[in-house]
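Inside the fold
What follows is the residue order along each chain.
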Amino acid sequence: MVVAQEKVEWQEVLTQTHAENNPRLVRKGKGYSKIKSIVVLAFVVGVTGAIGAETIHLTVVQGAEIRTLENEISAIKTKNDLLQMEADKLRSVGRIESVALSMGMEKPTGKVYMAGVVPAAKNEQGAPPTQAVTQAESKPTALQQFSRKFTSFFASTQR
């Protein structure tokens, strides 16, 4: 197989220009590339502006909303504390007793029966204590201790 080779003389002046050798690379409209650059630049500036506006909205507007909500929360907590103090005052035994007396009720005389565990009082006559009193004065069982702690925990969480 025989292949022909073209010899290039280095001293010869090139008669063809680059545009003649490769016609696909030549652009005829220089204004088209300027418009395209302007459109791309405008798009980049627009996207950057939109991101900046959203960032400002997040930091300034929503920050102000957060501060407003925090102020409302603190005001509600203060009001809640005041209402809790008022409820404690209204629940006090002394106030209930004074209101009951002012309404015409009388203090009971004699034996007063109360529901719940009440420490047993010593008998005035010196009679031997009953079984129930003996159990109340003895050391409580583990189940009773657990029950008291469990009840006191939930009573404390009601406030």
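Residues numbered from 1 in each chain as written. Predicted model: local features only at pLDDT ≥ 70, side-chain atom pairs only at ≥ 80, totals over all residues. Heavy atoms only, no water.

Observations concerning the overall build of the chain
Within the chain one finds 5 helices and 0 strands. Reading the chain from its N terminus to its C terminus gives the helix and strand order α-α-α-α-α. Looking at the chain as a whole, 1% of its 159 residues qualify as buried. Total accessible area on the chain is roughly 15,900 Å²; 62% of this is exposed by carbon and sulfur atoms. (Helix = DSSP H or I, 4+ residues; strand = E, 2+ residues; numbered from the N terminus. Buried < 20%, exposed > 50% of the residue type's maximum accessible area, 1.4 Å probe, protein only. Areas by Shrake-Rupley, 256 points an atom, 1.4 Å probe, with all protein chains shown as cover.)

Re the pattern of salt bridges
Pairing between side chains becomes possible if they bear opposite charge and their charged atoms approach one another. Within this structure, the stated rule accounts for 2 salt bridges. Put simply, Lys-107 and Glu-97 hold a salt bridge, and the shortest N to O gap is 3.3 Å. One end of the pair, Lys-107, is in the loop between α3 (93-102) and α4 (131-137); the other, Glu-97, is in helix α3, and 10 residues separate them in sequence. (Salt bridge = Lys/Arg side-chain N within 4 Å of Asp/Glu carboxyl O.)

Topic: the confidence of the model for the chain
Atomic detail in the predicted coordinates should be set aside for any region of low pLDDT. Of all residues in the chain, 63% have pLDDT values of 70 or greater, and the mean over the chain is 76. Mean pLDDT across the elements of the chain bottoms out in α4 (50) and peaks in helix α2 (residues 30-91) (91). This stretch, residues 131-135, has a pLDDT under 50; its non-local contacts, to residues over four places away or in other chains, come to 2 contacts. (pLDDT = per-residue confidence, 0-100. Contact = heavy atoms within 4.5 Å.)

Some remarks on a nonpolar patch on the surface
Together, Val-40, Phe-43, Val-44, Val-47 and Ile-51 give the surface a local cluster of nonpolar side chains, amounting to about 470 Å² of exposed area. Within the element layout of this structure, Val-44 appears in helix α2. With a relative accessible area of 44%, Val-44 lands in the partly exposed category. (Patch = residues over 30% accessible without salt bridge, like charges linked within 9 Å, V, L, I, M, F, W, Y side chains within 5 Å.)

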